[in-house]
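Examination of the molecular architecture
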Amino acid sequence: MQHSAVTSNKGYSSENDGVSSESSTITSVLDRIKDLDFFSDIDEDCIQNLKELASLRSYNAGETIAAADQFDGSEFLLLLCGNIDVATLDLHTGAMFLDQIVAPDTIGLAQSIADSLSADNETGLTLTASSEVTVAAIEVSSFLDLVKEEPCLSYSLMKSFARRLARRPRTIDPQVASDQRIFAILCEQVDYLDGHWRISPMPKHRDLAELAQVSEEEAAAAVAKLIRDGVASRDYPSLIVNDIEAMKRLAT
């Protein structure tokens, strides 16, 4: 993958005050790796090993992070700061799907583990910074070697994937209208947090579409309807449900 700005955590030392300060800043940013769900259950030694694999990259708003032919599966990204606009072009239909990823999040990690990132690249993924962005890039082969060596990392990944699977609906009735299926899935993910009914984190449109077995456009339209009708409102990376009873009615 090509990139426009790279700052690696490797190679910095205390040779002078400026380098030492820069190293301290890098360490502070890399500490945010612990905020990612995939790595929430690993110990400090393993976190340090992850940091040593990571190369930091910073982008200004509007800069391209990866074009369609650049995300080749050799590395994945940890979004530590900022927001990224994602444009996915389906090369078979010509349809363009738009989404946004908000820190902290990962790009390509699950596909890397499943060894399917290069296949997904056929959809033409383009990543653009929508604010000032910092990502940590990790080489897939080195990461998989670390997974084999660190039981706590394997355990943390397993727990994260299990949490995602547990939130999937057990069955999907194809006779139920697509909007109703989408709303039913969202209802399953609502929790009462910080004084609000909230879906946190809010699934990406493509993930919601997969769960409901609908198109990404239908998923995006259903979420837009909730916001337009005042049933819900955006609070990145969450969705606040303003009217839980209305949400339930839409789902049944």
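Refer to the structure printed above.
Below you will find a few notes about this structure. (Residues numbered from 1 in each chain as written. Predicted model: local features only at pLDDT ≥ 70, side-chain atom pairs only at ≥ 80, totals over all residues. Heavy atoms only, no water.)

1. Regarding the overall build of the protein
Our working rule: Helical segments are the DSSP runs of H or I of at least four residues, strand segments are the runs of E of at least two, and each set is numbered from the N terminus. Throughout, exposure labels follow a simple rule: accessible area from a 1.4 Å probe, protein chains only, divided by the maximum for the residue type, with under 20% read as buried, over 50% as exposed, and the rest as partly exposed. Only heavy atoms matter for contacts: two residues are in contact if any of them lie within 4.5 Å across the pair. Every accessible area reported is derived by Shrake-Rupley at a probe size of 1.4 Å, with residue values counting cover from the shown protein chains alone.
Looking only at helices and strands, one finds 10 helices and 13 strands in the protein. Relative to its full complement of 252 residues, the protein shows a buried share of 40%. Once local pairs closer than 6 in sequence are excluded, the contacts in the protein between residues at least 24 apart make up 71%. Per element, the accessible surface of the protein, about 13000 Å² overall, is 47% carbon and sulfur.

2. Details of unusual backbone geometry
Between A103 and P104 the backbone carries a cis peptide bond, its omega angle lying at 0 degrees. Cis geometry is adopted by the peptide bond preceding P201, which originates at S200 and carries an omega value of -5 degrees. Its place among the elements puts P201 in the loop between β11 (196–199) and α8 (205–212). One non-glycine residue, Q213, lies in positive phi territory at about 55 degrees. For Q213, the location among the structural elements is in the loop between α8 and α9 (216–228). Q213 sits in the exposed class, given a relative accessible area of 56%.

3. Structural notes on the packing of aromatic side chains
Cut-off, in case you're wondering: Centres within 6.5 Å are what make two rings of Phe, Tyr or Trp a pair, Trp counting through its six-membered ring; a difference in plane orientation under 30 degrees is then read as stacked, over 60 as edge-to-face, and the rest as tilted.
Following the criterion strictly, the structure yields four aromatic pairs and no others. Between F76 and F143, the aromatic rings sit 4.9 Å apart at their centres with planes inclined by 80 degrees, giving edge-to-face as the arrangement. Residue F76 is located in strand β4 (residues 75–81), and its partner F143 is located in helix α5 (residues 140–149); the two are separated by 67 residues in the primary sequence. The burial state of F76 is the same as that of F143; both residues are buried. Cluster of aromatic residues (ring-pair linked, three or more members): F39, F76 and F143.

4. As for the sheet that holds strand β3 (residues 64–66)
The condition that has to hold: By this definition, two strands are paired if DSSP reports at least two bridges between them. Axes here mean lines fitted to C-alpha atoms, for a helix over just the part in contact, with angles spanning 0 to 180 degrees between N-to-C directions.
Read from one edge of the open sheet, four strands run β3-β8-β5-β6, paired in antiparallel fashion. Each having just a single partner strand, β3 and β6 (96–102) make up the two edges of the open sheet. Adjacent strand axes in the sheet meet at a mean angle of 25 degrees when their direction is disregarded. With seven bridges joining them, strand β5 (residues 83–89) and β6 adopt antiparallel strand pairing. Paired with A87 across the two strands is L98, which belongs to β6.

5. Some thoughts on the sheet that holds strand β12 (residues 232–235)
An order of β10-β11-β13-β12 is seen for the four strands of this open sheet, with the pairing classed as antiparallel. Taken across any chain shown, the strands that pair with only one partner, and hence form the sheet edges, are β10 (191–193) and β12. This sheet shows a mean twist of 40 degrees between the axes of neighbouring strands, independent of strand direction. Examined bridge by bridge, β11 and strand β13 (residues 238–241) share three bridges and lie antiparallel to one another. Within β13, the position partnered with R198 by the bridge is I240.

6. Some thoughts on α5
The following threshold applies: As used here, the arc is the angular range of directions from the helix axis to the C-beta atoms.
All of the buried residues in α5 are V140, F143, L146 and V147. All buried residues of α5 project into a common sector of 120 degrees when viewed along the axis, lining one side. Away from its buried face by more than 90 degrees, α5 exposes K148 and E149.

7. Let's talk about the environment of T134
Along the polypeptide, T134 turns up in strand β9 (residues 133–139). The class for T134 is buried, based on a relative accessible area of 14%.

8. Comments concerning helix α2 (residues 44–53)
Filter applied, for reference: Any pair of N or O atoms that falls within 3.5 Å is considered a polar contact. Within protein, one atom must be able to donate a hydrogen and the other to accept it, and sequence-neighbouring residues count only if both atoms are side-chain atoms.
Regarding α2, the residues found buried are C46, I47, L50 and K51. Projected onto a plane normal to the axis of α2, the buried residues spread over an arc of 145 degrees and lie on a single side. The opening residue of α2, the one whose side-chain oxygen lies 3.3 Å from the backbone nitrogen of D45, is D43.

Worth remembering: the numbers are spatial, not functional.
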